[in-house]
Amino acid sequence: NIGVTAGFDASGSAALVVLKPTAPGATIISGPPELVILLPTTDPKAMLQNLSPGAPDATGISEVTLPGDSGDKGYVVTVDKWVALAQPKETLTA
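Since the model is a prediction, treat every value here as computed from it, not as a measurement.

(A) Inspection of the overall build of the protein chain at higher detail. Across its full length, the protein chain holds 2 helices and 5 strands. Helices and strands appear in the protein chain in the N-to-C order β-β-α-β-β-β-α. Its C-alpha atoms give the protein chain a radius of gyration of 14 Å, within 12% of the compact-globule value 12 Å for 94 residues. Judged by the C-alpha coordinates and their principal axes, the protein chain covers about 40 × 30 × 30 Å. Per-residue burial over the protein chain gives 27% buried out of 94 residues. Intrachain contacts of the protein chain at a sequence separation of at least 6 include 45% that bridge at least 24 residues. Summed over its atoms, the accessible surface of the protein chain is roughly 6,100 Å², and 57% of this surface lies on carbon and sulfur atoms. Taking the average place of the 5 positive charges on the side chains of the protein chain and the average place of its 9 negative ones, the gap between the two points comes to 4 Å.

Here it is, written out as structure tokens:
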């Protein structure tokens, strides 16, 4: 559970994107791949409210606090009717 309830577009489809490793010699099985979660949204602000988003940077990417006790940070950007969530931030700028 990533803490998303309000603003989620239940009539849309979510996606998990596994990115091809960019390091020389790296493969998908040589280490954890970079992932992007795409969530359909009707209201991005409401969707992200429980994740305590920070102010967006010049590219529109905001830092969020992921649910759980660890206090891990993630990064989100809204593109059209989608919210993209990733760790690390550079995954969203590639």
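(B) Representation of the pairing of strand β5 (residues 82-87). Judged from the 6 bridges that link them, strand β2 (residues 35-40) and β5 form a sheet pairing that is antiparallel. Looking across to β5, one finds that Leu-35 is bridged to Gln-87. Sheet topology note: the strand β4 (residues 73-79)/β5 ladder contains 5 bridges and is antiparallel. Along β5, the bridge assignment pairs Val-77 with Ala-84. If you look at the hairpin formed by β4 and β5, you'll find 2 residues sitting between the two strands, and Asp-80 has a positive phi there, around 55°.

(C) Quick look at the sheet that holds β5. Read across the sheet, 5 strands follow the order β1-β2-β5-β4-β3 without closing on themselves; strand pairing throughout is antiparallel. The open sheet terminates on both sides in strands that have one partner only, identified here as β1 (15-18) and β3 (62-65). Taken pair by pair, the neighbouring strands of this sheet meet at an average axis angle of 30°, ignoring direction.

(D) Molecular detail of the nonpolar core. With 10 residues, the main nonpolar core is built from Val-4, Leu-39, Met-47, Leu-48, Leu-51, Val-64, Leu-66, Val-76, Val-83 and Leu-85. Ignoring any residue separated from it by four or fewer positions in sequence, one finds Val-4 in contact with Leu-39 and Met-47. Ile-61, Ala-84, Ala-86 and Leu-92 belong to the second largest nonpolar core, which has 7 residues in total.

(E) Summary view of the environment of Leu-16. Mapped onto the elements, Leu-16 comes out in strand β1. Taking the C-alpha atoms as reference points, Leu-16 and Val-36, separated by 20 residues in sequence, lie 5.9 Å from one another. Every residue in contact with Leu-16, bar those within four places of it in the chain, is listed here: Leu-35, Val-36 and Ile-37.

About the criteria used
Residues numbered from 1 in each chain as written. Predicted model: local features only at pLDDT ≥ 70, side-chain atom pairs only at ≥ 80, totals over all residues. Heavy atoms only, no water. Helix = DSSP H or I, 4+ residues; strand = E, 2+ residues; numbered from the N terminus. Rg over C-alpha atoms; globule rule 2.2 N^0.38 Å. Buried < 20%, exposed > 50% of the residue type's maximum accessible area, 1.4 Å probe, protein only. Contact = heavy atoms within 4.5 Å. Areas by Shrake-Rupley, 256 points an atom, 1.4 Å probe, with all protein chains shown as cover. Lys, Arg positive; Asp, Glu negative; His and termini not counted. Charge placed at Lys NZ, Arg CZ, Asp CG, Glu CD. Pairing = 2+ DSSP bridges. Axes fitted to C-alpha atoms, helices over the stretch in contact; angles between N-to-C directions. Core = buried A, V, L, I, M, F, W, Y, C linked by side-chain atoms within 4.5 Å.

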